[in-house]
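Topology and contacts: notes
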Amino acid sequence: MPVKIIDGKRIAKKIKAELKNEVLNLKKKGVIPELAVILVGENPSSKIYVKNKEKACQEIGIISKVYTFGKNVVQKDILSLIFRLNRDKKINGILVQLPLPKKFDTKRIINMIDPEKDVDCFHPENVGRLFLGFPRFFPCTPAGIMEILSRNNLKIAGKNMVIVGRSNVVGKPLAVMATNADATVTLAHSKTKKLKEKCLWADILVSATGKIGLIKADMVKQGAIVIDVGINYNKSGKLTGDVDFERVKRKAMAITPVPGGVGPMTIAMLLKNTIKAAKDNI
Ligand code: NAD
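Residues numbered from 1 in each chain as written. Predicted model: local features only at pLDDT ≥ 70, side-chain atom pairs only at ≥ 80, totals over all residues. Heavy atoms only, no water.

Before going further, it helps to examine the pattern of salt bridges. Counted by the stated rule, this structure contains 14 salt bridges. Of the charged contacts in the structure, one is a salt bridge between Lys14 and Glu18, with a shortest N-O distance of 3.4 Å. Separated by four residues within a single helix, Lys14 and Glu18 lie in helix H1 (residues 8-28), roughly one turn from each other. Using a relative accessible area of 49% as the deciding quantity, one classes Lys14 as partly exposed. Where Asp244 meets Arg247, a salt bridge forms, and the shortest distance between an N and an O atom there is 3.2 Å. Residue Arg247 is classed as exposed on the basis of its relative accessible area of 51%. Taken together, the shared-partner salt bridges in this structure form one network comprising Lys14, Glu18, Glu147, Arg151 and Lys272. (Salt bridge = Lys/Arg side-chain N within 4 Å of Asp/Glu carboxyl O. Helix = DSSP H or I, 4+ residues; strand = E, 2+ residues; numbered from the N terminus. Buried < 20%, exposed > 50% of the residue type's maximum accessible area, 1.4 Å probe, protein only.)

A surface patch of nonpolar side chains, amounting to about 320 Å² of accessible area, comprises Tyr49, Ile231 and Tyr233. Within the secondary structure, Ile231 is located in the loop between strand S8 (225-228) and strand S9 (232-233). (Patch = residues over 30% accessible without salt bridge, like charges linked within 9 Å, V, L, I, M, F, W, Y side chains within 5 Å. Areas by Shrake-Rupley, 256 points an atom, 1.4 Å probe, with all protein chains shown as cover.)

By the assigned domains, the chain splits into domain 1 (30-114) and domain 2 (140-263). Centre-to-centre separation of domain 1 and domain 2, based on C-alpha positions: 29 Å. (Domains from an automatic or database assignment.)

Next up on the list: the environment of Val37. Within the fold, Val37 resides in strand S2 (residues 34-40). The class of Val37 is buried, set by a relative accessible area of 2%. Sequence separation between Val37 and Asp228 is 191 residues; the distance between their C-alpha atoms is 26 Å. Non-local contacts of Val37, meaning those with residues more than four positions away in its chain, are made with Val50, Lys65, Val66, Tyr67 and Leu95. (Contact = heavy atoms within 4.5 Å.)

This next bit is on helix H6 (residues 140-151). With twelve residues, H6 extends 16 Å from end C-alpha to end C-alpha; this agrees with the ideal 16 Å at 1.5 Å per step. Buried within H6 we find Cys140, Thr141, Pro142, Ala143, Gly144, Ile145, Met146, Glu147, Ile148 and Leu149. Directly after H6, the chain includes Asn153, whose backbone phi takes a positive value near 60°. (Expected span 1.5 Å × (residues − 1).)

Okay, the side chain of Asn273 next. Residue position: Asn273 is located in helix H10 (residues 262-280). Here Val119 takes part through its backbone oxygen, which lies 2.8 Å from a polar atom of the side chain of Asn273. Not counting residues up to four positions away in its chain, the partners in contact with Asn273 are Val119, Phe137, Phe138 and Cys140. (Polar contact = N/O pair within 3.5 Å; in protein donor to acceptor, adjacent residues only side chain to side chain.)

As a further point, take helix H7 (residues 171-180). Most of H7 is tucked away, with seven of its ten residues classed as buried. Three or more residues of H7 are buried, namely Gly171, Pro173, Leu174, Ala175, Val176, Met177 and Ala178. The inward-facing, buried residues of H7 contact helix H5 (124-132), H6, strand S5 (160-164), strand S6 (184-188) and strand S7 (204-207). Asp182 occupies a position one or two residues after H7 and carries a positive phi of about 75°.

So, about the sheet that holds strand S3 (residues 63-69). A sheet is described by the order of its strands in space; here three strands give the open sequence S3-S2-S4, paired in parallel fashion. Lying at the two open borders of the sheet, with one neighbouring strand each, are S3 and strand S4 (93-96). Direction aside, neighbouring strands of the sheet carry axes that sit 15° apart on average. Pairing between S2 and S4: four bridges, direction parallel. The residue bridging Val37 from the neighbouring strand is Leu95, located in S4. The sheet contacts of helix H2 (residues 44-60) involve S2, S3 and S4, and relative to S2 the element is tilted by about 170°. (Pairing = 2+ DSSP bridges. Axes fitted to C-alpha atoms, helices over the stretch in contact; angles between N-to-C directions.)

Looking at the ligand, there are 21 residues lining it, with Arg166, Ser167, Ser190, Ile231 and Thr266 nearest. Between the ligand and Val229, the relevant distance is 3.4 Å, taken from a nitrogen atom to a main-chain nitrogen or oxygen of the residue. At 2.7 Å from an oxygen atom of the ligand is found a side-chain nitrogen or oxygen belonging to Thr266. Element by element, the count of residues in the shell around the ligand is highest for H10, at three residues. In the shell around the ligand, the residues fall into eight nonpolar, eleven polar and two charged. (Near = heavy atom within 4 Å. Nonpolar A, V, L, I, M, F, W, Y, C, P; charged D, E, K, R; others polar.)

Here the focus is the sheet that holds strand S1 (residues 4-5). Spatial ordering of the open sheet is given by S1-S11-S8-S7-S5-S6, a layout of six strands whose pairing is parallel. A strand with exactly one partner marks an edge of an open sheet, and here the two such strands are S1 and S6. Here S7 pairs with S8 via four bridges, running parallel. Bridge pairing in S8 places Leu205 opposite Val226.

In structure tokens:
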């Protein structure tokens with residue numbers, strides 16, 4: 001059977017159309033979802049991500065406000081802004097674009113966000129709820145991956161999922177979500193021994209490492225589903241994932257490309273969380 005190249009952009013577009021309808025329905029009730037995005041410093045990737053999030057909000061009718069701070073801002077000012085946004089009844093979601101410049105205490109800043117407005121799902125209360133199986137929000141990238149699987153009718157219950165990369169943003173929460181959805185999960189990382197052997201076990205192989213070409217064809221079981229989360233730039237400045245796409249696609253049953261795979265789904269899930277926060281607040 002030919003490999004299915006999963007079009008994350010198309011799925012995200014469909015989700016956004018669904019969400020646009022939800023926003024219209026909320027507007028009929030006098031509610032307009034509103035997202036506050038806090039951007040600190042000069043990180044060029046962060047600026048692009050924030051712009052993309054702003055654009056996506058506009059597309060579906062969510063109000064987005066970006067609060068920009070130069071790198072010389074002091075932590076107290078960011079905390080005061082979050083305090084104010086927490087109390088502002090019009091604001092449904094608050095997001096601090098990460099990474100913050102090194103001098104800031106990221107944990108303290110994230111912990112300051114009202115968990116009911118924590119649409120990135122990074123607050124310890126929301127992470128704990130996710131872990132225990134009564135989530136308020138789902139973190140955006142893992143949620144995007146689960147959505148890609150379900151919308152392509154790729155069942156995960158009873159399947160072996162191997163996740164390479166154990167970050168708090170992707171690998172760890174995805175491991176929890178997939179476990180709660182009845183997959184058998186292996187969470188691998190830079191200290192994992194015999195990575196190839198573990199990857200070959202995967203019915204569903206997810207890579208989130210930021211290492212170009214880490215996942216080679218001989219690490220992939222014939223007929224596996226391969227999800228590439230990596231966002232990397234190669235020597236010629238071309239956007240590329242963690243997976244050796246051209247070779248791996250000959251073995252996989254389905255595979256996500258980079259760009260156009262997981263990336264667009266992450267933003268769609270942020271919009272979904274913001275709308276959920278608005279609904280929960282009615
Ligand atoms: P991170 O950068 O915080 O950590 C990388 C992880 O990869 C670590 O757990 C490390 O142990 C593991 N790793 C590194 N080298 C390895 C190796 N040789 N073998 C096995 N494991 C190895 O992780 P992150 O923030 O989850 O980001 C990972 C990648 O995913 C980056 O390229 C990032 O840009 C991308 N990303 C994409 C999206 C999206 O929406 N598509 C969202 C978040 C992150």
